[in-house]
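Inside the fold
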Amino acid sequence: MPTDQYEFGDPTTRYPVISPPVQQQPEPGLQSQMTPVPDLGEDSYRGSGRLTGRKALITGADSGIGAAVAIAFAREGADVTLSYLPAEESDARHVIEVIEAAGRKAIAVPGDLTSREYCRELVAAAVEGMGGLDTVVNVAGKQVWQPTLDDLSEDQFEETFRTNVFAMFSIVKAALPHLRPGSTIINTASLEAYVPAPDRLDYASTKGAINNLSKGLAQQLIPKGIRVNVVAPGPTWTALQVSRGVDPETLPDFGSSESPMGRAAQPAELAPAYVFLASAESSFVVGDTLNVNGGMVTP
Ligand code: NAD
Ligand code: MG
């Protein structure tokens, strides 16, 4: 593990190649119960004032990529409103402690993103709790593997779209009246947007939709001075994977067989991409998808 994100070195060995044991938790899964526990950058992310004074709303902020982003944002000087499911309170408490230790505000707003009312309440609570909103980061996602179309129910198909696409739409719609010029929106797609796994038809197609919707929205909002961009992660070791996200038998090879990098990413390695897109450094980057996938070729 590097001492911080600025340390140079061989990226293939920057984090260990993991071979997680077969394990399974009910959705949404607790990161604290995983073997090994993912690295959120608690001991390595070093801030340098890149988001000083920003007010960020982050979904899925209790664990995995969203939690790593929340920690990085706080260390860069941002206050953070965290969205997560009530069942994930213990994971969220860990992240809130790290944010508060960085001297930033953490506003916890647990709830279910499949509810439009919650999406609206979340934005209202963020604006109220932080005294405004200028950074909206949609990271939450549902991924449940199903081997065949027969196994994939219409209910699951709908719930995946509600969680991954509709919630993002409702949050952005509710946030827009509060976003001044200079605000940024970052959505989370996936390698699956380009390379859909046959046992994740619902999930992969939401990721294609997120990419497409973000690019259209970026064009609509840039005249208002609001930038929209996307991060598309590749295989990353998170709770999603051990809570029915993939076939549990494949966990020992997670990320190591498909990626040219030969290993899965840790959530800590995803956070800098979000920091870049949220910061003023990316002022001319609009409607783009930043792939952080270990070298897999995308269009
Ligand atoms: P994760 O399980 O740690 O985070 C996903 C979060 O989504 C959960 O913590 C939960 O808080 C939230 N969530 C799910 N359903 C919800 C609901 N109904 N209401 C409220 N919150 C809900 O896993 P992660 O891998 O860090 O996932 C973050 C994002 O990264 C997802 O959008 C995922 O699709 C994307 N992604 C992950 C990978 C990977 O390999 N892990 C690869 C590509 C994209
Ligand atoms: Mg979680």
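Cut-offs applied
- Residues numbered from 1 in each chain as written.
- Chains lettered and ligands numbered in written order.
- Predicted model: local features only at pLDDT ≥ 70, side-chain atom pairs only at ≥ 80, totals over all residues.
- Heavy atoms only, no water.
- Helix = DSSP H or I, 4+ residues; strand = E, 2+ residues; numbered from the N terminus.
- Buried < 20%, exposed > 50% of the residue type's maximum accessible area, 1.4 Å probe, protein only.
- Lys, Arg positive; Asp, Glu negative; His and termini not counted.
- Salt bridge = Lys/Arg side-chain N within 4 Å of Asp/Glu carboxyl O.
- Polar contact = N/O pair within 3.5 Å; in protein donor to acceptor, adjacent residues only side chain to side chain.
- 1 Å grid on protein atoms, 1.4 Å probe; cavity = no way out; pocket = protein on both sides within 12 Å on 5 of 7 lines; lining within 4 Å.
- Points joined across faces, edges and corners; volume = space filled by probe spheres on them.
- Nonpolar A, V, L, I, M, F, W, Y, C, P; charged D, E, K, R; others polar.
- Near = heavy atom within 4 Å.
- Areas by Shrake-Rupley, 256 points an atom, 1.4 Å probe, with all protein chains shown as cover.
- Sits in = over half its atoms within 2 Å of the grid points.
- Axes fitted to C-alpha atoms, helices over the stretch in contact; angles between N-to-C directions.
- Parallel < 35°, antiparallel > 145°, perpendicular 65-115°, else oblique.
- Left-handed = near helix turned anticlockwise from the far one by under 90°.
- Contact = heavy atoms within 4.5 Å.

**Digging into the side chain of Arg 14**
- Looking at where Arg 14 falls in the secondary structure, it is placed in the segment before β1 (55-59).
- The buried charged residue Arg 14 lacks any salt bridge partner; its closest oppositely charged side chain belongs to Glu 269, at an N-O distance of 4.8 Å.
- Within polar-contact distance, the side chain of Arg 14 engages the backbone oxygen of Gln 5 at 3.2 Å.

**A short note on the layout of surface pockets**
- The computed volume of the largest pocket comes to approximately 1,100 Å³.
- Along the walls of the largest pocket sit 50 residues, with Gly 141, Lys 142, Gln 143, Tyr 203 and Leu 240 positioned nearest its centre.
- Examining the composition of the lining of the largest pocket, we find that four residues originate from one element, helix α6 (residues 239-245), more than from any other.
- The residue makeup of the lining of the largest pocket, split by class, is 19 nonpolar, 20 polar and 11 charged.

**A look at the site of ligand 1**
- In the region of ligand 1, 29 residues are neighbours, and Ser 63, Glu 88, Val 139, Tyr 203 and Thr 238 sit closest.
- Separating an oxygen atom of ligand 1 from a side-chain N or O atom of Asp 62 is a distance of 2.7 Å.
- One of the backbone nitrogen or oxygen atoms of Gly 64 is found 3.4 Å away from an oxygen atom of ligand 1.
- Within the complex, 95% of the 810 Å² of free accessible area of ligand 1 lies under protein.
- Of all the cavities here, the one that holds ligand 1 is the largest pocket.
- Listing elements by their share of the shell around ligand 1, those giving two or more residues are α1 (64-75), α5 (201-221) and α6.
- In the shell around ligand 1, the residues fall into 12 nonpolar, 13 polar and four charged.

**Focus on the packing of α1 against helix α7 (residues 271-278)**
- Close contact between α1 and α7 brings their axes to 8 Å; oriented N to C, the two are set at 55°. Our classification of the angle between α1 and α7 gives oblique. When the axes of α1 and α7 are compared, the crossing they make is right-handed. In this structure, α1 uses Ile 65, Ala 68, Val 69, Ala 72 and Phe 73 to contact α7, whose residues at the interface are Ala 271, Tyr 274, Val 275 and Ala 278.
- For the contact of α1 with α7, a count of residues per class yields nine nonpolar, no polar and no charged.

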